[in-house]
Amino acid sequence: MLGFLKGKTKENVICSPCEGTVTPLTEVPDPTFSEKILGDGFAVIPSEGRFFAPADGEVTMVFDTLHAITMTTAQGTELLLHVGLETVTLKGEPFRVHVAAGDQVKQGDLLMEADLDKIREAGLNIISPVVVCNTDDYSRISLLKEGGALPGEAVLKIG
(Lines give C-alpha, C1' and ligand atoms only; values in the text may rest on other atoms or scores of the structure.)
Protein backbone atom coordinates (compact mmCIF):
# COMPACT_ATOMS: atom_id res chain seq x y z
CA MET A 1 0.00 0.00 0.00
CA LEU A 2 2.73 2.46 0.91
CA GLY A 3 5.31 1.06 -1.49
CA PHE A 4 6.63 4.53 -2.24
CA LEU A 5 7.96 4.58 1.33
CA LYS A 6 10.18 1.56 0.65
CA GLY A 7 13.36 3.34 1.76
CA LYS A 8 14.01 4.85 5.16
CA THR A 9 11.38 7.46 5.92
CA LYS A 10 12.98 9.20 8.89
CA GLU A 11 15.75 11.68 8.29
CA ASN A 12 18.76 11.31 10.47
CA VAL A 13 22.07 13.05 11.01
CA ILE A 14 25.61 11.69 11.13
CA CYS A 15 28.14 13.66 13.15
CA SER A 16 31.87 14.17 12.75
CA PRO A 17 33.71 11.30 14.45
CA CYS A 18 36.71 13.48 15.30
CA GLU A 19 38.14 16.95 15.41
CA GLY A 20 39.36 17.99 11.99
CA THR A 21 38.44 19.30 8.56
CA VAL A 22 35.35 17.88 6.88
CA THR A 23 35.65 17.38 3.14
CA PRO A 24 33.36 15.86 0.49
CA LEU A 25 33.95 12.17 -0.17
CA THR A 26 34.68 13.01 -3.80
CA GLU A 27 37.92 14.70 -2.67
CA VAL A 28 39.38 11.58 -1.05
CA PRO A 29 42.48 10.55 -3.07
CA ASP A 30 41.32 6.93 -3.40
CA PRO A 31 38.79 5.94 -6.08
CA THR A 32 37.10 3.39 -3.83
CA PHE A 33 35.88 6.31 -1.75
CA SER A 34 35.88 9.26 -4.18
CA GLU A 35 33.84 7.34 -6.77
CA LYS A 36 31.45 6.29 -3.99
CA ILE A 37 31.89 2.59 -4.78
CA LEU A 38 31.11 1.67 -1.15
CA GLY A 39 28.48 4.40 -0.76
CA ASP A 40 28.07 8.13 -0.18
CA GLY A 41 29.32 10.07 2.83
CA PHE A 42 32.10 12.44 3.80
CA ALA A 43 35.68 12.41 5.02
CA VAL A 44 37.53 14.14 7.82
CA ILE A 45 41.19 15.12 7.88
CA PRO A 46 41.71 14.54 11.60
CA SER A 47 43.68 17.02 13.69
CA GLU A 48 43.86 14.57 16.59
CA GLY A 49 43.67 10.80 16.81
CA ARG A 50 40.56 10.19 18.91
CA PHE A 51 37.54 8.86 16.99
CA PHE A 52 34.05 8.86 18.46
CA ALA A 53 30.72 7.28 17.49
CA PRO A 54 29.11 9.54 14.87
CA ALA A 55 25.61 8.40 15.92
CA ASP A 56 23.81 6.15 18.38
CA GLY A 57 23.81 2.50 17.32
CA GLU A 58 25.53 -0.86 17.40
CA VAL A 59 29.10 -1.68 16.43
CA THR A 60 28.77 -4.43 13.82
CA MET A 61 32.43 -5.10 13.09
CA VAL A 62 35.93 -4.08 14.10
CA PHE A 63 38.37 -5.00 11.33
CA ASP A 64 41.14 -7.40 12.41
CA THR A 65 43.70 -4.74 11.46
CA LEU A 66 41.87 -2.21 13.69
CA HIS A 67 41.87 0.51 11.00
CA ALA A 68 38.11 0.49 10.43
CA ILE A 69 34.84 0.00 12.28
CA THR A 70 31.34 -0.57 10.94
CA MET A 71 28.17 0.22 12.80
CA THR A 72 24.43 0.38 12.26
CA THR A 73 22.80 3.49 13.66
CA ALA A 74 19.58 3.47 15.65
CA GLN A 75 17.84 4.62 12.41
CA GLY A 76 19.27 1.71 10.41
CA THR A 77 22.06 3.57 8.61
CA GLU A 78 25.04 1.29 7.95
CA LEU A 79 28.27 3.23 8.47
CA LEU A 80 31.92 2.51 7.77
CA LEU A 81 34.51 4.59 9.63
CA HIS A 82 37.85 4.04 7.87
CA VAL A 83 40.82 5.74 9.54
CA GLY A 84 43.37 6.81 6.93
CA LEU A 85 44.00 5.35 3.48
CA GLU A 86 45.79 2.03 2.94
CA THR A 87 46.14 1.77 6.74
CA VAL A 88 45.22 -1.91 6.54
CA THR A 89 48.91 -2.39 5.67
CA LEU A 90 49.90 -1.26 9.18
CA LYS A 91 48.36 -4.44 10.66
CA GLY A 92 46.82 -2.64 13.63
CA GLU A 93 50.06 -1.08 14.87
CA PRO A 94 48.99 2.59 15.33
CA PHE A 95 45.43 1.80 16.53
CA ARG A 96 43.83 1.17 19.91
CA VAL A 97 40.17 0.17 19.70
CA HIS A 98 37.81 0.63 22.66
CA VAL A 99 34.76 -1.25 21.32
CA ALA A 100 33.86 -4.69 19.98
CA ALA A 101 31.23 -6.05 17.62
CA GLY A 102 27.86 -6.08 19.35
CA ASP A 103 28.57 -3.10 21.60
CA GLN A 104 25.80 -0.50 21.85
CA VAL A 105 27.25 3.00 21.56
CA LYS A 106 25.92 6.51 21.98
CA GLN A 107 26.97 9.37 19.74
CA GLY A 108 30.20 10.70 21.21
CA ASP A 109 31.42 7.43 22.79
CA LEU A 110 35.13 6.82 22.15
CA LEU A 111 35.55 4.12 19.48
CA MET A 112 39.29 4.17 18.85
CA GLU A 113 42.52 6.06 19.07
CA ALA A 114 45.03 6.27 16.24
CA ASP A 115 48.60 7.51 16.28
CA LEU A 116 48.38 9.92 13.36
CA ASP A 117 52.14 10.54 13.40
CA LYS A 118 52.85 6.81 12.90
CA ILE A 119 50.39 6.73 10.01
CA ARG A 120 52.12 9.72 8.38
CA GLU A 121 55.58 8.26 9.07
CA ALA A 122 54.49 5.17 7.12
CA GLY A 123 53.84 7.50 4.17
CA LEU A 124 50.06 7.11 4.37
CA ASN A 125 47.28 9.68 4.17
CA ILE A 126 45.33 10.27 7.41
CA ILE A 127 42.10 11.40 5.67
CA SER A 128 39.32 9.30 7.21
CA PRO A 129 36.18 8.46 5.20
CA VAL A 130 32.78 7.95 6.83
CA VAL A 131 30.63 6.02 4.35
CA VAL A 132 26.92 5.23 4.33
CA CYS A 133 27.13 1.67 3.03
CA ASN A 134 23.37 1.35 2.46
CA THR A 135 23.16 4.56 0.41
CA ASP A 136 20.56 3.01 -1.92
CA ASP A 137 18.08 2.84 0.98
CA TYR A 138 17.83 6.63 1.05
CA SER A 139 16.43 9.21 -1.32
CA ARG A 140 18.80 11.95 -0.21
CA ILE A 141 22.18 12.28 1.47
CA SER A 142 23.35 15.87 2.00
CA LEU A 143 26.60 17.27 3.34
CA LEU A 144 25.64 19.87 5.96
CA LYS A 145 29.10 21.22 6.68
CA GLU A 146 32.59 21.49 5.22
CA GLY A 147 35.70 22.79 6.92
CA GLY A 148 36.56 22.70 10.61
CA ALA A 149 34.43 20.43 12.78
CA LEU A 150 34.45 19.12 16.30
CA PRO A 151 33.43 15.60 17.32
CA GLY A 152 29.65 15.39 17.51
CA GLU A 153 29.00 18.26 15.12
CA ALA A 154 26.29 17.45 12.55
CA VAL A 155 27.90 16.83 9.15
CA LEU A 156 25.60 14.63 7.04
CA LYS A 157 21.82 14.59 6.73
CA ILE A 158 20.20 11.41 5.50
CA GLY A 159 16.59 11.09 4.41
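Structural data are supplied above this passage.
Residues numbered from 1 in each chain as written. Predicted model: local features only at pLDDT ≥ 70, side-chain atom pairs only at ≥ 80, totals over all residues. Heavy atoms only, no water.

Colleague: Could you give me a rundown of the pattern of salt bridges, with the residues and numbers involved?
Modeller: As enumerated under the stated definition, the model contains 5 salt bridges in all. Arg120 is the partner of Asp117 in a salt bridge, and the nearest nitrogen-oxygen pair spans 3.1 Å. A residue pair is termed a helical-turn pair when its members lie 3 or 4 positions apart in one helix, as Asp117 and Arg120 do in helix 2 (residues 116–121) at 3 residues. Residue classification places Asp117 among the partly exposed residues on the basis of a relative accessible area of 46%. Owing to a relative accessible area of 43%, Arg120 belongs among the partly exposed residues under this scheme. Glu153 is paired through a salt bridge with Lys145; the nearest N and O atoms lie 3.1 Å apart. With relative accessibility at 27%, the residue Glu153 sits in the partly exposed group. (Salt bridge = Lys/Arg side-chain N within 4 Å of Asp/Glu carboxyl O. Helix = DSSP H or I, 4+ residues; strand = E, 2+ residues; numbered from the N terminus. Buried < 20%, exposed > 50% of the residue type's maximum accessible area, 1.4 Å probe, protein only.)

Colleague: Which residues make up the sheet that holds strand 14 (residues 154–158), and what values do they have?
Modeller: The antiparallel open sheet is built from 3 strands, whose spatial order is 1-14-12. Edge positions in the sheet fall to strand 1 (12–15) and strand 12 (141–143), since each has one partner strand and no second. In this sheet, adjacent strand axes meet at a mean angle of 25° when their direction is disregarded. (Pairing = 2+ DSSP bridges. Axes fitted to C-alpha atoms, helices over the stretch in contact; angles between N-to-C directions.)

Colleague: I'd love a proper account of the environment of Glu153, names of residues and values included.
Modeller: Within the secondary structure, Glu153 sits in the loop between strand 13 (147–149) and strand 14. C-alpha of Glu153 to C-alpha of Tyr138: the two residues are 15 residues apart in sequence and 21 Å apart in space. Within polar-contact distance, the side chain of Glu153 engages the side chain of Lys145 at 3.1 Å. (Polar contact = N/O pair within 3.5 Å; in protein donor to acceptor, adjacent residues only side chain to side chain.)

Colleague: Can you break down unusual backbone geometry residue by residue, with the values?
Modeller: One non-glycine residue with positive phi stands out, namely Lys36, at about 60°. Along the polypeptide, Lys36 turns up in the loop between helix 1 (31–34) and strand 3 (40–46). Residue Lys36 is classed as partly exposed on the basis of its relative accessible area, which comes to 34%.

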